[in-house]
Each structure stands twice: as C-alpha cells, then as structure tokens.
Amino acid sequence: MEDNYCRNSRLVYHYTVGSNFKLILASGCILPATEGVSPAQRPIVWFSTNPLWENTVTKGIPVVCGSYVDMGWAEFNRYGIPLIRIGVALETAPLRWRDMREQGLIPASIASSLVRVAKRQYAHSGEWRGTFDPVPAEKWLALETYNVPAMRWEEYHEQPLDGRAA
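Reading the values: rules and limits
- Residues numbered from 1 in each chain as written.
- Predicted model: local features only at pLDDT ≥ 70, side-chain atom pairs only at ≥ 80, totals over all residues.
- Heavy atoms only, no water.
- Helix = DSSP H or I, 4+ residues; strand = E, 2+ residues; numbered from the N terminus.
- Contact = heavy atoms within 4.5 Å.
- Areas by Shrake-Rupley, 256 points an atom, 1.4 Å probe, with all protein chains shown as cover.
- Phe/Tyr/Trp six-rings, centres within 6.5 Å; stacked < 30°, edge-to-face > 60°.
- Buried < 20%, exposed > 50% of the residue type's maximum accessible area, 1.4 Å probe, protein only.
- Lys NZ or Arg CZ within 6 Å of the ring centre and 35° of its normal.
- Expected span 1.5 Å × (residues − 1).
- pLDDT = per-residue confidence, 0-100.
- Pairing = 2+ DSSP bridges.
- Salt bridge = Lys/Arg side-chain N within 4 Å of Asp/Glu carboxyl O.

With that out of the way, let us pick up the overall build of the chain. Helices and strands together make up the secondary structure of the chain, namely five helices and eleven strands. Counting only contacts in the chain whose residues sit at least 6 apart along the sequence, the fraction spanning at least 24 positions is 74%. Carbon and sulfur atoms provide 55% of the accessible area of the chain, an area that totals close to 9,600 Å².

In structure tokens, the structure reads:
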C-alpha cells in the first residue's frame, strides 16, 4: 500500500475518528489527552509509527445497564465511522513510550495496564510516540481519511464527519 508513511518514514500519525476530529479542527490543534489522566500526571498528545492504524484507538459505545463496548478498526469501518490520521514530523512527537511513561509521571500499575491492553488489541508500545505540547495545524504535514472500499488512506477533503454520506 502506497501512503505517506511509505514515502516518508519520518512521519508519525495521530489517529482519530470523525467526531473527535471535529474537536481538533475547532481548536486548531491536537491537544494532550486528559481523559483518565490524574492531576499528578502530564497529559500527552499520542502518535504512532504504525502506517495503517493504532489499535488502541477505540470508542466506547454505551450498551445495557451503563456498560460500554469498545469499537475499534473493524467496527468503525463496518458502521461507516470516518477515520482520520494527522501526520507530523517525527521531531514533533519525539518521545518514545519509556520517555512518556517516565516524564509523564505515569504510575507503573497504569503503564503496565496500558501495555497489557495494547497487546490484547495487537498494538505495540514500541510504535508509540508523543509530546506534552499541543500540536498546532501548522505542524500537520499530512491530513488523511481512510477510504474503506479502496482500502487505503487518501488526502482529506472536507466531508461529513458523523458517518453519513454527503
């Protein structure tokens, strides 16, 4: 598959879904993730070197009795949820997992849980990159959406981000 990663292995990607991408566009930057982050920790903007998808990107969907089911790559594609990736230079997200864990003050128990869940989802912490700083649109080198029928990433052109056809 020919994509920006294959043409330029110095790119790392922030993977997201359409509804979250709306928030990124509104703010003009990718903000550090704060959900589930304690006040003692440093929020991180997460990226991946994986050229197809970061399998830890999931979206919890409420089901019976207040429980949630995680949707991932297959479910997003099955239900037409737009997938977006933002490519930046490796230098924009220079921190590796070990650096993020240590400098981000992530407790060992949480770090172990993140790696354990990632392995269950066939993700690899060795592909994770990050920064503690917001990443403004001026630093985005690629903005792409996944074309399910063509099975490839393509340049993003303004489109509905709620999963409905234009």
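Still more ground to cover, so stick around.
By convention here, two paired aromatic rings are described through the distance between centres and the angle between planes. Throughout the structure, instances matching the rule amount to twelve aromatic pairs. Between Tyr15 and Trp153, the ring centres sit 5.8 Å apart and the planes meet at 55 degrees, which makes this aromatic pair tilted. With Tyr15 in strand β1 (residues 11-17) and Trp153 in strand β11 (residues 152-155), this pair connects stretches of sequence that are 138 residues apart. Comparing Tyr15 with Trp153, the two get one shared label, buried. Ring centres 5.5 Å apart and planes at 50 degrees place the aromatic pair Trp53 and Trp73 in the tilted group. Taken together, the residues span a long stretch of sequence, with Trp53 in the loop between β3 (45-48) and β4 (59-62) and Trp73 in helix α3 (residues 73-78) at a distance of 20 residues. Residue Trp53 is classed as buried on the basis of its relative accessible area, which comes to 3%. The class for Trp73 is partly exposed, based on a relative accessible area of 23%. A connected cluster of aromatic rings, assembled from ring pairs, spans Tyr13, Tyr15, Trp53, Trp73, Phe76, Tyr146 and Trp153. Above the ring of Tyr13, the side-chain terminus of Arg85 is found at 4.0 Å from the ring centroid.

Taking 1.5 Å per residue as the helical rise, helix α5 (residues 108-120) with its 13 residues ought to reach 18 Å, and the 18 Å between its terminal C-alpha atoms agrees with that figure. Remark: Tyr122 follows α5 within two positions and exhibits a positive phi of approximately 60 degrees.

Looking now at the environment of Asn50. One can find Asn50 in the loop between β3 and β4. Judged by its relative accessible area of 16%, Asn50 is buried. For the pair Asn50 and Glu127, spaced 77 residues apart in sequence, the C-alpha to C-alpha distance is 6.2 Å. Not counting residues within four places of it along the chain, the set of residues in contact with Asn50 comprises Tyr13, Tyr15 and Glu127.

We now examine the confidence of the model for the chain. Taken over all residues, the pLDDT of the chain has a mean of 86, while the share at 70 or more is 89%. Here helix α1 (residues 4-7) stands out as the least confident element of the chain, with mean pLDDT 45; strand β9 (residues 135-136) is the most confident, with 98. Across residues 1-7, where pLDDT falls below 50, the model places 17 contacts with residues more than four positions away in sequence or in other chains.

Positionally, Thr145 belongs in strand β10 (residues 142-147). Exposure remark for Thr145: the relative accessible area of 11% places this residue in the buried category.

Here we take up the pairing of β11. Bridging between β10 and β11 involves four bridges; their strand directions are antiparallel. Pairing of Glu144 across the sheet is with Glu155, part of β11. Adjacent in sequence and paired antiparallel, β10 and β11 are bridged by four residues, among which Met151 carries a positive phi angle near 55 degrees.

Turning our eyes to something else, we now look at the pattern of salt bridges. Scanning all chains against the criterion turns up four salt bridges. A salt bridge links Arg98 to Glu102; the nearest nitrogen and oxygen atoms lie 3.1 Å apart. With a gap of four residues between them, Arg98 and Glu102 both fall in helix α4 (residues 97-103), about one helical turn apart. Taking relative accessible area as the criterion, Arg98 reaches 55% and is therefore assigned exposed. A relative accessible area of 45% means that Glu102 is categorised as partly exposed. In this structure, Glu154 and Arg152 form a salt bridge, with 2.9 Å as the shortest nitrogen-oxygen distance.

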